[in-house]
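Coordinate inspection notes
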Amino acid sequence: MMNARTQPNNVLAGYPLVSIITPVYNGEKYLEETIKSVLCQSYGNIEYMIIDGGSTDGSVSIIKKYGNKISCWFSERDSGMYEAINKGLKIASGDILAYLNSDDIYYPETVKTAVEYFQGHLDVELIYGNCDFIGPRNEFFYTFRYPKFRWKSFISLNKSTIPQPTTFWRSAIHQKINYFDTALKMCGDFDFYAKAGKYCRIAYINRALAGFRIHNTSLTALQWRRNNDEVRVIHERYINFSRIRQKVLSWCLALQLKLLNLPLMFKKVYLCFRKAN
């Protein structure tokens, strides 16, 4: 099932079209907030697509509620999130692309910030920024800062140091690295950034661009064992240097993350101390 495809909003002559995809499956609890965060962007030239995996809850009803503001939506069974994202990417019209999961949010200036960076840095093909971590009721937990991208360090760690909700990339990138690997169910973004970093220039923006929602029904919370297995697969694909060098690079990057987020580390220690006493 799908709605009629509407024309992208090209009212801003000279401004690139940005295509944003939201994959969803039984995500009614937070989906509406995600949709609103995209529709309320200060940047007007956006094509918004929602790819539903055949939800059996109220997700489709929520999508229909905003049907006249969404460029395109599908509801049909798929093999998982990354197949849904690929469906959207392959029909997207935008020069700049992104995907936002159905429990995360953008801020009003997010897309505008991304577009302005690309316009000022023509050699950059993918960008990311800092990420806020929020709770089920939108309560702010903390902002996490990330290091600048260095490919060998990135692939050495056992997790991605690019926060997915903050990423945007040029559509031409898919001619170099294809699309997301649908065989991966948890770490397709880690693999995608590893491929992108090998062949394209990635840049970091020192600004919080999105809110990542922490809740006990998220994929990350429910499938951490599979996540670890897929990280090992990614390491095997890309690491072609010694295990000792990998360990050193991994340790250095982990230390850098801690140093960048020292105030947060002190806050956590303080809260733990208070709780213990």
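This one's a predicted model, so the numbers in the text were calculated from it and none came from an experiment.

A short note on the overall build of the protein chain
A tally of regular secondary structure across the protein chain gives eleven helices and nine strands. Taking as baseline every contact in the protein chain between residues at least 6 positions apart, the subset at least 24 positions apart corresponds to 79%. A total accessible area of about 13,900 Å² is found for the protein chain, and carbon and sulfur atoms account for 54% of it.

Observations regarding unusual backbone geometry
Notably, N26 is not glycine yet its phi reads approximately 50°, a positive angle. Inspection of the secondary structure puts N26 in the loop between β1 (18-24) and α1 (28-39). Since its relative accessible area comes to 31%, N26 is described here as partly exposed. Positive phi outside glycine occurs at N178, with the angle close to 65°. For N178, the location among the structural elements is in the loop between α6 (174-177) and α7 (188-199).

Description of the layout of surface pockets
Within this model, the second largest pocket holds a volume of roughly 270 Å³. Every residue along the wall of the second largest pocket is listed here: S156, L157, N158, R232, H235, E236, I239, F241, R243, Q246, K247 and S250. Considering each element in turn, the lining of the second largest pocket owes the most residues, four residues, to helix α10 (residues 243-260). Here the residues of the lining of the second largest pocket are counted per class, giving three nonpolar, five polar and four charged.

A word on the pattern of salt bridges
Applying the stated criterion across every chain, the model contains twelve salt bridges. Between K195 and D191 there is a salt bridge, and its shortest N-O distance comes to 3.9 Å. Taken together, the residues span about one helical turn, with K195 and D191 both in helix α7 at a distance of four residues. If you follow the salt bridges from partner to partner, you end up with D181, D191, K195 and R237 in one network.

Let's talk about the pairing of strand β6 (residues 126-134)
Most of β6 sits out of view: nine of its nine residues are buried. Where β6 lies against strand β9 (residues 202-213), nine bridges are found, and the strand directions are parallel. Bridge assignment links G129 to a residue of β9, and that residue is I205.

A closer look at a nonpolar patch on the surface
Together, W251, L255, L259, L262 and F266 give the surface a local cluster of nonpolar side chains, amounting to about 550 Å² of exposed area. For the nonpolar patch, the secondary-structure elements that each account for two or more residues are α10 and α11 (262-276). Tallying contributions element by element places α10 first for the nonpolar patch, with three residues. Topologically, F266 is positioned in helix α11. Take F266: its relative accessible area is 58%, and that puts it in the exposed class.

Calculation rules
Residues numbered from 1 in each chain as written. Predicted model: local features only at pLDDT ≥ 70, side-chain atom pairs only at ≥ 80, totals over all residues. Heavy atoms only, no water. Helix = DSSP H or I, 4+ residues; strand = E, 2+ residues; numbered from the N terminus. Contact = heavy atoms within 4.5 Å. Areas by Shrake-Rupley, 256 points an atom, 1.4 Å probe, with all protein chains shown as cover. Buried < 20%, exposed > 50% of the residue type's maximum accessible area, 1.4 Å probe, protein only. 1 Å grid on protein atoms, 1.4 Å probe; cavity = no way out; pocket = protein on both sides within 12 Å on 5 of 7 lines; lining within 4 Å. Points joined across faces, edges and corners; volume = space filled by probe spheres on them. Nonpolar A, V, L, I, M, F, W, Y, C, P; charged D, E, K, R; others polar. Salt bridge = Lys/Arg side-chain N within 4 Å of Asp/Glu carboxyl O. Pairing = 2+ DSSP bridges. Patch = residues over 30% accessible without salt bridge, like charges linked within 9 Å, V, L, I, M, F, W, Y side chains within 5 Å.

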